[in-house]
Amino acid sequence: IPFLTPLAIRVQNIRSEAGATLPVTTFTLMTERPPVSDISWQAMNSPTNDDLSGISFVDRTVGFLTTDAGVVYRTTDGGKIFTTRFKRVDIPQAFDIHAFGADTLLMVGLQQVSGTLRRALFRSNNGGLTFDIRLQGEGETCGVAVEAAMDTVIAIDLIKRRTTPWPRLEND
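Residues numbered from 1 in each chain as written. Predicted model: local features only at pLDDT ≥ 70, side-chain atom pairs only at ≥ 80, totals over all residues. Heavy atoms only, no water.

J.: Teacher, can you tell me more about the environment of F82 here?
T.: Position of F82 relative to the elements: it lies in strand 6 (residues 82-86). Sequence-wise, F82 and S46 are 36 residues apart; in three dimensions their C-alpha atoms are separated by 8.1 Å. Every residue in contact with F82, bar those within four places of it in the chain, is listed here: P47, F57, G63, L65, Y73, R74 and T75. (Helix = DSSP H or I, 4+ residues; strand = E, 2+ residues; numbered from the N terminus. Contact = heavy atoms within 4.5 Å.)

The following block contains the structure:
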């Protein structure tokens, strides 16, 4: 089955704190079986005529989607039926949504504040019934996608007289 190709990660050229070269390590992970047994797709009815901007599933049954118009829908049957969960007039557009569980969601969108549209990061702790503003800014402050947070270690080499291509690493 083409979806079950093992994912292999090879780690090499790692040194200990004392500077000794550590042996090459390979991790292999077999992904979960796909919900279908072949590579076909099945068309499904959309809960809206609006353009869809993001979708995220917690598991095979519980999932959320958002539209360009800022409406959030939820399914508990794997996408057969979506019900409307959230819409606020001051949030005219959503770019993406990510479900961290059946109750915890992050959504990136626009919020109207005093006649000005501003990008914002919204959080729901009740399955998309309400959203709080977590971060608000302009430009690329909030981006246009939501990704899961994780602990990351980055090794950086300094190369003199070489320009750095975009995107650059930034912090606050």
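J.: Got a minute to help me understand the nonpolar core in this structure?
T.: Among the nonpolar cores identified, the biggest contains 13 residues, and F64, V72, M107 and F131 are the most heavily contacted of them. Of all the secondary structure elements, the ones that give two or more residues to this core are strand 7 (93-99), strand 8 (105-113) and strand 9 (116-124). Of all the elements, strand 7 adds the most residues to this core, at three residues. (Core = buried A, V, L, I, M, F, W, Y, C linked by side-chain atoms within 4.5 Å. Buried < 20%, exposed > 50% of the residue type's maximum accessible area, 1.4 Å probe, protein only.)

J.: Even after reading the chapter, I still don't get the sheet that holds strand 6, so can you show me in this structure?
T.: Hydrogen bonds between backbone groups are what pair the strands of a sheet, and the pairing can be parallel or antiparallel. As summarised here, the arrangement of the four strands in space is 3-4-5-6, forming an open sheet in which the pairing is antiparallel. Only two strands of the sheet have a single partner each, and these edge strands are strand 3 (52-57) and strand 6. If you compare each strand with its neighbour and ignore which way they point, the axes differ by 25 degrees on average. Pairing between strand 4 (residues 63-67) and strand 5 (residues 72-75): four bridges, direction antiparallel. For G63, the partnering residue across the bridge sits in strand 5 and is T75. (Pairing = 2+ DSSP bridges. Axes fitted to C-alpha atoms, helices over the stretch in contact; angles between N-to-C directions.)

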